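Coordinate analysis (summary)
Now for the letters of each chain:
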Amino acid sequence: MKLSLLLPVLLLSVACKGEDSSKVEAAKPSASAAAPAPEAAKSVKDLPKEALALNESGNEIPATIEVPKGSTIFADTPTSLRIELGQGDAFGVQVAAGNEFNLDLADSAKSLAENKYGSTNEILEKTDTLLRYTMTTDGHTSHKFTLITELPSGKWICTQGNNGGWTEEEAAAQLQACKTLAAK
């Protein structure tokens, strides 16, 4: 029970000490009557945005990215980081330096088609710089992507966050943020 609901009940019970308990029960506000209606949850795409510099606090990614306001950067290595909003379940992206393993989207698409790890993968879109796909495991489908961005400092990849299954809408908001990756 919320503290704001509990305090009046506690005060009322102290004030009514010695009175018939049925009168005290009748005076208690019901949780549904006292609680204000919750505000409709906003979609991540509707949240205010802010530009974060990715080359601060020891990070070596000379770029900025627009993400939902209040997002936090977690550095995995100087050239690989995660950006999350909340506990990572509302929004998340990862940015990393491109290399021979993560820049070959044709090879990635081929690997997805093999379904090696007990998941069923479906490629939704593949270009030279974008691979969007779904991964279904145990009946749960997650939307994923890899976007390659070329900056003066080299090629960088931006992907969805690593905290579980993302809906199509969440992945679209993450991809939109990745598309704002720009040289600083």
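Before going into details, it helps to say that this report is about the structure given with it.

Parameters at a glance
- Residues numbered from 1 in each chain as written.
- Predicted model: local features only at pLDDT ≥ 70, side-chain atom pairs only at ≥ 80, totals over all residues.
- Heavy atoms only, no water.
- Disulfide = S-S within 2.5 Å.
- Helix = DSSP H or I, 4+ residues; strand = E, 2+ residues; numbered from the N terminus.
- Buried < 20%, exposed > 50% of the residue type's maximum accessible area, 1.4 Å probe, protein only.
- Pairing = 2+ DSSP bridges.

As for the state of the cysteines
For the coordinates displayed, the defined rule picks out one disulfide. Covalent S-S linkage joins C158 and C178, the inter-sulfur distance amounting to 1.9 Å. On the S-S bond that ties C158 to C178, the torsion sits near -65 degrees, and the link is left-handed. Residue C158 is found in strand β9 (residues 154-160), and its partner C178 is found in helix α5 (residues 168-178); the two are separated by 20 residues along the sequence. For the pair shown, C158 and C178 are each scored as buried.

Considerations on the sheet that holds strand β2 (residues 63-68)
With antiparallel pairing, the three strands of this open sheet are ordered in space as β1-β2-β10. Unpaired on one side and paired on the other, β1 (49-53) and β10 (182-183) mark the two borders of the sheet. Direction of pairing for β2 relative to β10: antiparallel, over a ladder of two bridges. Paired with A63 across the two strands is A183, which belongs to β10.

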